[in-house]
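# A closer look at the structure
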Amino acid sequence: MYLMPFGRRNDSMMNLLDQMERNFWKDTGSSFSSFPTDIKDEGDHFTLTAELPGFNKEDIHLSLHDGVLTISATHEENKEEKDEKGSYLCRERHYGSYQRSFSVSGIQEENISAKYESGVLHLNLPKETPQAPVARQIEIQ
């Protein structure tokens, strides 16, 4: 019997839909996929580390809009091999796009800094300092 109250079968409807979506977008070559990201709380700031191997710094774009940080990277590679007559022996093209978005509420957006080295993007996200409520005296007339 297939009654499994606490487990998921491999052929469940959610798994089938997920597999169908992956197969559909795989063939288009235009889907955005994610990349491995680690976020660490360092006390007064967060560090975000994103693995983007094979990309040049110019391929990576960071944008801030309405409290959302978006990291996107697009890579295009063309490889051609021709014989002495100029005929193609091999011609390959590869395109890849990645994109992830993160909420930066509670972050000093103007002080975010980024560095890219050895295929890894490092972001420093300084936390906003909590403001103590301002108390004032009200004069009675």
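Here the structure is a predicted model, which means the values were calculated and not measured. (Residues numbered from 1 in each chain as written. Predicted model: local features only at pLDDT ≥ 70, side-chain atom pairs only at ≥ 80, totals over all residues. Heavy atoms only, no water.)

### What to know about the overall build of the protein chain
Put simply, the rule reads: Secondary structure is summarised from DSSP: a helix means a run of H or I of at least four residues, a strand means a run of E of at least two, and numbering begins at the N terminus for each. Residue burial is assigned from relative accessible area. The probe radius is 1.4 Å, only protein chains are included, and a residue is buried under 20% of its type maximum, exposed over 50%, and partly exposed in between. When checking whether two residues touch, look at their non-hydrogen atoms; a contact exists if any pair is within 4.5 Å. Per-residue and other accessible areas were derived by the Shrake-Rupley procedure at a 1.4 Å probe size, with only the shown protein chains allowed to occlude residues.
Within the protein chain, the regular secondary structure consists of one helix and seven strands. Counting helices and strands in the order they occur from the N terminus, the protein chain gives α-β-β-β-β-β-β-β. Across the 141 residues that make up the protein chain, the buried fraction comes to 19%. Within the protein chain, counting contacts between residues at least 6 apart in sequence, those at least 24 apart form 48% of the total. Carbon and sulfur atoms make up 51% of the accessible area of the protein chain, which amounts to about 11600 Å² in all.

### Section: the nonpolar core
To keep things clear, this is the line we draw: What we call a nonpolar core is a set of buried Ala, Val, Leu, Ile, Met, Phe, Trp, Tyr and Cys residues that are connected through their side-chain atoms within 4.5 Å.
Counting residues in each nonpolar core, the largest one holds 16 residues, and the members touching the most others are Leu48, Leu52, Ile60, Ile71, Leu121 and Leu123. Of all elements in the fold, only strand S2 (45-51), strand S4 (68-82) and strand S7 (120-126) reach the threshold of two or more residues within this core.

### Here we look at the pattern of salt bridges
Rules: For this analysis, a salt bridge means a side-chain nitrogen from Lys or Arg found within 4 Å of a carboxyl oxygen belonging to Asp or Glu.
Scanning all chains against the criterion turns up two salt bridges. The partner of glutamate 117 in a salt bridge is lysine 115, and the shortest N-O contact between them spans 3.9 Å.

### Regarding the packing of aromatic side chains
Definition in use: Centres within 6.5 Å make a pair out of two Phe, Tyr or Trp rings, where for Trp the six-membered ring is used; the pair is then stacked when the planes are under 30 degrees apart, edge-to-face when over 60, and tilted otherwise.
Under the defined criterion, the tally for this structure stands at two aromatic pairs. Between the aromatic rings of phenylalanine 35 and tyrosine 98, the centroid separation amounts to 6.3 Å while the plane-to-plane angle is 75 degrees, which identifies the pairing as edge-to-face. Of the two residues, phenylalanine 35 is situated in the loop between helix H1 (13-26) and strand S1 (37-41) and tyrosine 98 in strand S5 (residues 88-103); the sequence distance between them amounts to 63 residues. On the accessibility criterion, phenylalanine 35 (4% relative accessible area) is buried. Judged by its relative accessible area of 28%, tyrosine 98 is partly exposed. Note on phenylalanine 55 and tyrosine 98: the rings are 5.6 Å apart at their centroids and 75 degrees apart in plane angle, and the pair reads as edge-to-face.

### A short note on the confidence of the model for the protein chain
Condition: The predictor attaches a confidence to each residue, and that confidence, scored 0 to 100, is pLDDT.
Scored by pLDDT, the protein chain comes out at a mean of 79, with 71% of its residues at no less than 70. The low-confidence segment residues 1-7 (pLDDT under 50) makes two contacts with residues lying over four places distant or belonging to another chain. This model gives residues 28-32 a pLDDT under 50, and the stretch forms five contacts once residues within four places in sequence are excluded.

### Digging into a negative patch on the surface
Definition in use: Only residues whose relative accessible area exceeds 30% and that take part in no salt bridge are eligible for patches, with like-charged residues grouped when within 9 Å of each other and nonpolar side chains (Val, Leu, Ile, Met, Phe, Trp, Tyr) grouped when within 5 Å. When charges are tallied, Lys and Arg are placed among the positive residues and Asp and Glu among the negative ones, while His and the ends of the chain are skipped. Every charge is mapped onto a representative atom, which is NZ of Lys, CZ of Arg, CG of Asp or CD of Glu.
Residues Asp66, Glu109, Glu110 and Glu128 make up a contiguous surface patch of negative charge. Mapped onto the elements, glutamate 128 comes out in the segment after S7.

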